[in-house]
Amino acid sequence: MQKENNNNNNQEVVTTKDMDYENEQYSWIPFLDEDDPLPGQCCPYATTSPVTIERSLIMINCDKDDILLDVGCGDGRIAIYAAKHYGIKSIGIDVNPDLIEKANSDAKEADVSHLVLFKVQSFAEESFDFKLSTIDKEFAKDCKHIYPTIITCYLIPKALKIIEPRIKDLVRHNCLESTTSQSEILTNTRPITAHKDIRVALFVFEMERWKTVDKDDKFKIFTYSKVSIDVIPTFVNTENPYIM
């Protein structure tokens, strides 16, 4: 395994590209190939280990009433894990059709096809409003929530900047939307209920202008909720090619 020499403190630094992911010491670390060429995409393909996924779902208190959306889902492993181990409905969106095809295949193998949905869809488009019915009307038909209640993202800073304002607005204001339909309100067939709070879990990279409610430095997990406050960045890494 190769190491880089850090001239600032004379310490050797192991880079993600040099890590042996079969080694238990590094098996928890999400893998990101920043040189992975994916035409038309703003973020390279990345994978997350099962232990990291489990830790993130514990941190955001995932339960049976949740619906998960993985933004930029890649091969769908987060959505599949949540469906298999927590029994919740899960959605994954990605612009790479090959990865979506693999996600559907893996979901079938894991016997959770009835709980998951994978679609070729771009989160970068302004028209994408995170509503379940926008993603898939048929899938949303039996859901009691308007939006997913858990949003997960393993995206580079450039991609996070695209969706940060929309996710902030969604997390802060979704509670104003009732999960009771207008017809149910008019006929008084179902009590008016507030939408469940939306929680967000990010991997490796955090939001630039949003304060976490919890974080795990070992597993590089950052979580957000409606109590997260805005922050002003005090430092910008100009050497990061993904900073816009």
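Just so it is clear, the model here is predicted, and its values are computed rather than measured.

Some thoughts on the packing of aromatic side chains
Alright, step 1. Applying the stated criterion across every chain, the model contains three aromatic pairs.
Alright, step 2. Taking 6.5 Å as the distance between ring centres and 70° as the angle between the ring planes, the aromatic pair formed by Y154 and F203 counts as edge-to-face. With a gap of 49 residues between them, Y154 in the loop between β8 (150–153) and α6 (157–173) and F203 in strand β9 (residues 199–203) connect regions that are remote in the sequence.
Alright, step 3. By relative accessible area, F203 is classed as buried at 0%.
Alright, step 4. A cation over an aromatic ring shows up here: K89 above the ring of F139, its NZ or CZ 5.0 Å from the ring centre.

Focus: the environment of N174
Alright, step 1. Here N174 lies in the loop between α6 and α7 (182–187).
Alright, step 2. Judged by its relative accessible area of 2%, N174 falls in the buried class.
Alright, step 3. Considered as a pair, N174 and K196 are 22 residues apart in the sequence and their alpha carbons are 8.2 Å apart.
Alright, step 4. In this view, N174 contacts Y147, D169, H195, K196, D197 and I198; residues no more than four positions away in its chain are not counted.

Focus: the confidence of the model for the chain
Alright, step 1. The share of residues in the chain with pLDDT of 70 or more is 69%, and the mean pLDDT across the chain is 78.
Alright, step 2. Confidence, read as mean pLDDT per element, is least for strand β2 (residues 11–13) in the chain (37) and greatest for helix α2 (residues 77–86) (97).
Alright, step 3. This stretch, residues 178–186, has a pLDDT under 50; its non-local contacts, to residues over four places away or in other chains, come to 17 contacts.
Alright, step 4. In the model, residues 188–192 has pLDDT below 50 throughout and makes nine contacts with residues more than four positions away in sequence or in other chains.

Regarding the pattern of salt bridges
Alright, step 1. One pass over the full model with this rule turns up 16 salt bridges.
Alright, step 2. Here D65 ties to K64 by a salt bridge, and the two come within 3.6 Å at their closest N and O atoms.
Alright, step 3. D65 sits in the partly exposed class, given a relative accessible area of 30%.
Alright, step 4. A relative accessible area of 66% means that K64 is categorised as exposed.
Alright, step 5. K119 is the salt-bridge partner of D136, the closest N and O atoms lying 3.8 Å from each other. Highlighted residues: D136 in the loop between α4 (132–135) and α5 (137–140) and K119 in strand β7 (residues 116–120), separated in sequence by 17 residues.
Alright, step 6. One network of salt bridges, with partners in common, ties together D63, D66, K196 and R199.

Re the side chain of R199
Alright, step 1. Along the chain, R199 turns up in strand β9.
Alright, step 2. In this structure, R199 is in contact with I60, N61, C62, D66, T149, I150, I151 and Y224, ignoring residues within four places of it in sequence.

Looking at the packing of helix α1 (residues 50–59) against α2
Alright, step 1. Direction vectors running N to C along α1 and α2 enclose 65°, while the axes themselves pass 10 Å from each other. Regarding the angle of α1 to α2, the classification is roughly perpendicular. Classified by chirality, the crossing of α2 by α1 is right-handed. For the pair α1 and α2, the contacting residues are P50, I53, E54, L57 and I58 in the first and R77, I78, Y81, A82 and Y86 in the second.
Alright, step 2. In terms of residue class, the contact of α1 with α2 is made up of eight nonpolar, no polar and two charged.

Conventions used here
Residues numbered from 1 in each chain as written. Predicted model: local features only at pLDDT ≥ 70, side-chain atom pairs only at ≥ 80, totals over all residues. Heavy atoms only, no water. Phe/Tyr/Trp six-rings, centres within 6.5 Å; stacked < 30°, edge-to-face > 60°. Helix = DSSP H or I, 4+ residues; strand = E, 2+ residues; numbered from the N terminus. Buried < 20%, exposed > 50% of the residue type's maximum accessible area, 1.4 Å probe, protein only. Lys NZ or Arg CZ within 6 Å of the ring centre and 35° of its normal. Contact = heavy atoms within 4.5 Å. pLDDT = per-residue confidence, 0-100. Salt bridge = Lys/Arg side-chain N within 4 Å of Asp/Glu carboxyl O. Axes fitted to C-alpha atoms, helices over the stretch in contact; angles between N-to-C directions. Parallel < 35°, antiparallel > 145°, perpendicular 65-115°, else oblique. Left-handed = near helix turned anticlockwise from the far one by under 90°. Nonpolar A, V, L, I, M, F, W, Y, C, P; charged D, E, K, R; others polar.

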